[in-house]
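# Residue-level structure breakdown
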Amino acid sequence: MAMTPPTDEPNLLQTTAGPAVPRSRIPLLVALPTILALAFWLQVYRLNDVSLRGDEAFSVTFARQDLGEMWRGLLLTEPHPPLYYTMLHYWMAAAGQSELSVRFVSAFFGLLTVAFTYRLARSLCAEERVAQVAALMVALNPYLVWQSQDARMYTLLTATCAGSFLLASLVWRA
């Protein structure tokens, strides 16, 4: 084993896969995956323990229809946007109609909201810790966790808004 001479930067962690990573940056690199894992756990914890309630049951029943019939209903009676019901229709065909399965769509978009919030905060502010705190606040927000466990279109709306703000900020900065 060859000895390497000491470097001028003793605070670096040398890896064989790429360039040296500052030791002070390692906790920052671990924080985002930890926040996302925490958000995912909070959103799927006991996701199938409670039966579908009224609005959720309506979502499942509405999305279970034939696609043409569902779109006719969307045009005539249902006030919510069609994307969620269309996605839920195809998701239920692929993954089933259990409480866990139909609520997982909302949990996915809740997790996407956390990721978009982190990236939006990084886009607006150069501080890594500010972005992590913003993502953690969204991940721990009880209302957003509850919406992520509800088979309704609200987390899709939240993720779409966060993604739109992110895209607008990136375009603005460019």
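The text that follows walks through the structure, step by step, so that each part is easy to find. (Residues numbered from 1 in each chain as written. Predicted model: local features only at pLDDT ≥ 70, side-chain atom pairs only at ≥ 80, totals over all residues. Heavy atoms only, no water.)

## A few points about empty space enclosed by the protein
- Under the criterion given, the structure shown has 1 cavity of 30 Å³ or more.
- The computed volume of the largest cavity comes to approximately 50 Å³.
- Along the walls of the largest cavity sit Gln43, Gly110, Thr113, Val114, Val138, Leu144, Ser148, Thr155 and Thr158, which together make up its complete lining.
- Where the lining of the largest cavity is concerned, the elements lending two or more residues are helix H5 (99-124), helix H7 (142-148) and helix H8 (154-173).
- Per-element accounting of the lining of the largest cavity gives the leading share, 3 residues, to H5. (1 Å grid on protein atoms, 1.4 Å probe; cavity = no way out; pocket = protein on both sides within 12 Å on 5 of 7 lines; lining within 4 Å. Points joined across faces, edges and corners; volume = space filled by probe spheres on them. Helix = DSSP H or I, 4+ residues; strand = E, 2+ residues; numbered from the N terminus.)

## Considering the packing of H5 against helix H6 (residues 128-140)
- Look at H5 against H6: their axes get within 8 Å of each other, and the N-to-C directions meet at 155°. Considered as vectors, H5 and H6 are oriented roughly antiparallel to each other. When you trace H5 past H6, the crossing you get is right-handed. When H5 is examined against H6, the residues Thr113, Val114, Thr117, Tyr118, Ala121 and Arg122 are found in contact with a partner set consisting of Glu128, Ala131, Gln132, Ala134, Ala135, Val138 and Ala139.
- When grouped by side-chain class, the residues that make up the contact of H5 with H6 number 8 nonpolar, 3 polar and 2 charged. (Axes fitted to C-alpha atoms, helices over the stretch in contact; angles between N-to-C directions. Parallel < 35°, antiparallel > 145°, perpendicular 65-115°, else oblique. Left-handed = near helix turned anticlockwise from the far one by under 90°. Contact = heavy atoms within 4.5 Å. Nonpolar A, V, L, I, M, F, W, Y, C, P; charged D, E, K, R; others polar.)

## With respect to the environment of Val114
- Note on placement: Val114 falls in helix H5.
- Since its relative accessible area comes to 0%, Val114 is described here as buried.
- Each C-alpha atom of the pair Val114 and Leu32 lies 9.9 Å from the other, and the pair is 82 residues apart in sequence. (Buried < 20%, exposed > 50% of the residue type's maximum accessible area, 1.4 Å probe, protein only.)

## Examining the packing of H5 against H8
- For the pair H5 and H8, the least separation of the axes is 8 Å and the interaxial angle reads 25°. Relative to H8, the element H5 lies roughly parallel. H8 is crossed by H5, and the crossing has left-handed handedness. Taken together, the residues of H8 that come into contact with H5 (itself represented by Ser106, Phe109, Gly110, Leu112, Thr113, Phe116, Arg119, Leu120, Ser123 and Leu124) are Thr155, Leu156, Thr158, Ala159, Ala162, Gly163, Phe165, Leu166, Ser169, Leu170 and Arg173.

## Some details on unusual backbone geometry
- At Arg46, a residue that is not glycine, the phi angle is positive and equals roughly 55°.
- Considering the arrangement of structural elements, one finds Arg46 in the loop between helix H1 (26-44) and helix H2 (54-63).
- The exposure class of Arg46 is exposed, given its relative accessible area of 52%.

It is worth stressing that arrangement in space is one thing and function is another; only the former is reported here.
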